[in-house]
Amino acid sequence: MGTGGTSGSGSDKTKGAMNIEGYPVKGLSIAGHETCVMFPTLKLAFDIGRFPQQAISHDFLCISHAHMDHIGGLPMYVATRGLFSMKPPTILVPKCIKKDVEQLFEVHRRMDQSELKHNLIGLDVGEEFYLRKDLKVRAFQTYHAIPSQGYVVYSIRQKLKQEYVGLSGNEIKNLKSSGVESTFLDNSVSVEDARAYGHTHLSEIISHAERFENKAILLIHFSARYRLEEIQQAVAALPPPLAGRVFALTEGF
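All figures in this text were calculated on a predicted structure; none of them were measured in a lab. Per-chain numbering applies: the sequence of each chain, read as written, is numbered from 1 onward. Residue-level local features of this predicted model are given only where pLDDT is at least 70; pairs of side-chain atoms are given and counted only at 80 or more, and the full residue set underlies all totals for whole chains, interfaces and linings. Note: side-chain values were computed over all heavy atoms of the structure, leaving out hydrogens and water.

## Remarks on the overall build of the protein
Line of reasoning, step 1. We count a stretch as a helix when DSSP gives it H or I for four or more residues in a row; a strand needs E for two or more, and each element gets its number in order from the N terminus. Within the protein one finds 8 helices and 14 strands.
Line of reasoning, step 2. Taken over 253 residues, the protein has a buried fraction of 45%.
Line of reasoning, step 3. Contacts are residue-level and defined by heavy atoms, with any inter-residue pair within 4.5 Å sufficient. Look at the contacts in the protein between residues 6 or more apart in sequence, and 53% of them connect residues 24 or more apart.
Line of reasoning, step 4. Using the Shrake-Rupley algorithm and a 1.4 Å probe, accessible areas are obtained, with residue cover drawn only from the displayed protein chains. Accessible surface, the protein: about 13,400 Å² in total, of which carbon and sulfur atoms supply 51%. Burial classification: accessible surface area is computed with a 1.4 Å probe over protein chains only, and a residue below 20% of its type maximum counts as buried, one above 50% as exposed, and the rest as partly exposed.

## Quick notes on the nonpolar core
Line of reasoning, step 1. Take the buried Ala, Val, Leu, Ile, Met, Phe, Trp, Tyr and Cys residues and link them wherever side-chain atoms come within 4.5 Å; each set so joined is a nonpolar core. Formed by 22 residues in total, the largest nonpolar core has its most connected members in Val37, Leu44, Phe46, Leu92, Leu123, Tyr151 and Leu218.
Line of reasoning, step 2. Mapped by element, the contributors of at least two residues to this core are strand 3 (34-39), strand 4 (44-46), strand 5 (60-62), strand 7 (119-123), strand 9 (135-141), strand 10 (149-155) and strand 12 (216-220).
Line of reasoning, step 3. In this view, Leu44 contacts Val37, Met38, Phe39, His58, Phe60, Cys62, Leu131 and Val153; residues no more than four positions away in its chain are not counted.

## Considering the pattern of salt bridges
Line of reasoning, step 1. The working definition used for a salt bridge is a side-chain nitrogen of Lys or Arg within 4 Å of a carboxyl oxygen of Asp or Glu. With the rule as written, the count across this model stands at 11 salt bridges.
Line of reasoning, step 2. Its salt-bridge partner being Asp134, residue Arg132 comes within 2.5 Å of it at the nearest N-O pair.
Line of reasoning, step 3. Accessibility expressed as a relative area gives 36% for Arg132, which makes it partly exposed.
Line of reasoning, step 4. Note that Arg227 is salt-bridged to Glu230, the shortest N-O span being 4.0 Å.
Line of reasoning, step 5. The class for Arg227 is partly exposed, based on a relative accessible area of 49%.
Line of reasoning, step 6. Counted as one network, the salt bridges with shared partners bring together Asp59, Arg81 and Lys87.

## Some points on the sheet that holds strand 9
Line of reasoning, step 1. Being paired, for any two strands, means DSSP has found at least two bridges between them. Strand order in this open sheet of 3 strands is 8-9-10, and the pairing throughout is antiparallel. Both edges of this open sheet fall to strand 8 (128-132) and strand 10, since each of them pairs with a single strand only. Going from strand to strand, the sheet's axes swing by 30 degrees on average, the running direction of each strand aside.
Line of reasoning, step 2. As defined by bridge partners, strand 8 adjoins strand 9 across 4 bridges and the pair is classed as antiparallel. If you follow Phe129 over to strand 9, its bridge partner there is Val137. Working convention: axes come from line fits to C-alpha atoms, limited for helices to the stretch in contact. Angles between N-to-C directions cover 0 to 180 degrees.

## A short note on helix 5 (residues 98-112)
Line of reasoning, step 1. Expected span of a helix, by definition, is 1.5 Å for each gap between consecutive residues, and there is one gap fewer than residues. The end-to-end C-alpha separation of helix 5 is 21 Å, in line with the 21 Å expected for 15 residues at 1.5 Å each.
Line of reasoning, step 2. In the stretch just after helix 5, Gln113 is the one whose phi turns positive, near 55 degrees.

## Thoughts on the packing of aromatic side chains
Line of reasoning, step 1. A pair of aromatic rings is counted whenever rings of Phe, Tyr or Trp (Trp by its six-membered ring) have centres within 6.5 Å, and the orientation is called stacked for planes under 30 degrees apart, edge-to-face for over 60 and tilted otherwise. The full count for this structure, using the stated rule, is 4 aromatic pairs.
Line of reasoning, step 2. On the numbers, 5.9 Å between centres and 85 degrees between planes, the contact of Phe39 with Phe46 is edge-to-face. Pair check on accessibility: Phe39 and Phe46 agree, each one buried.
Line of reasoning, step 3. Members of the aromatic cluster, each reached through a chain of ring pairs, are Phe39, Phe46 and Tyr151.
Line of reasoning, step 4. For a lysine, the NZ atom is tested; for an arginine, the CZ atom; a charge sits over a ring if that atom is within 6 Å of the ring centre and within 35 degrees of the ring normal. Here Lys136 stacks its cationic end above the ring of Tyr154, 5.3 Å away from the centre of that ring.

## Some words on helix 4 (residues 74-83)
Line of reasoning, step 1. Buried within helix 4 we find Leu74, Pro75, Tyr77, Val78, Thr80 and Arg81.
Line of reasoning, step 2. Just beyond helix 4, the residue with positive phi is Ser85, at close to 55 degrees.

Purely geometric numbers; function is a separate question.
So, in structure tokens, the structure goes:
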């Protein structure tokens, strides 16, 4: 594989992506196997269970928690970018696991005898980090079997649209779309059992439908027990106000 294969044109990077509110979205998210959700035009990815090849072109990576299906591909992601002389990526992790991730890289450096250059940032819930001058992320609390967090991506506008006039800086955020875990879809697993494993049941999303103000919702992290047709049928059957604005990341099913 040559370095030319990783640069490509903008259209190459977004080929095969679903488009949600103007943002191409690619990736895989299968519970217990791997999760990596990529936004090619932002060069931003979330989690990296096994390092899909397309993730190499993303300069920024946000890690939600340390389960292997969400972080297992991290060393390979950094090593491959170094192999092709790409700039060191910026990796955001929960602050409580930052030291462990540093030790992980030290072990791989000793074994691989390579530099594994990267910029590792630990964020606590509520803290923000600028990816660039017009784009920042803020960590928010999530609930899982181990420490975890999610990330809100903010678009910083220098010239305010009329609809933003009078809002504070923290309120001027791009919340057109959001990613929501929906590991379980049917009665084969109860809401209580889903919660016991730190996961979300689709029925919980339905019961809180009125609280979603997003223009679009991307469901991820489905259990591998489901077939593609079952996921598609569950999404198609969603009631208002969810109907028509919910997408499912089903690559790999």
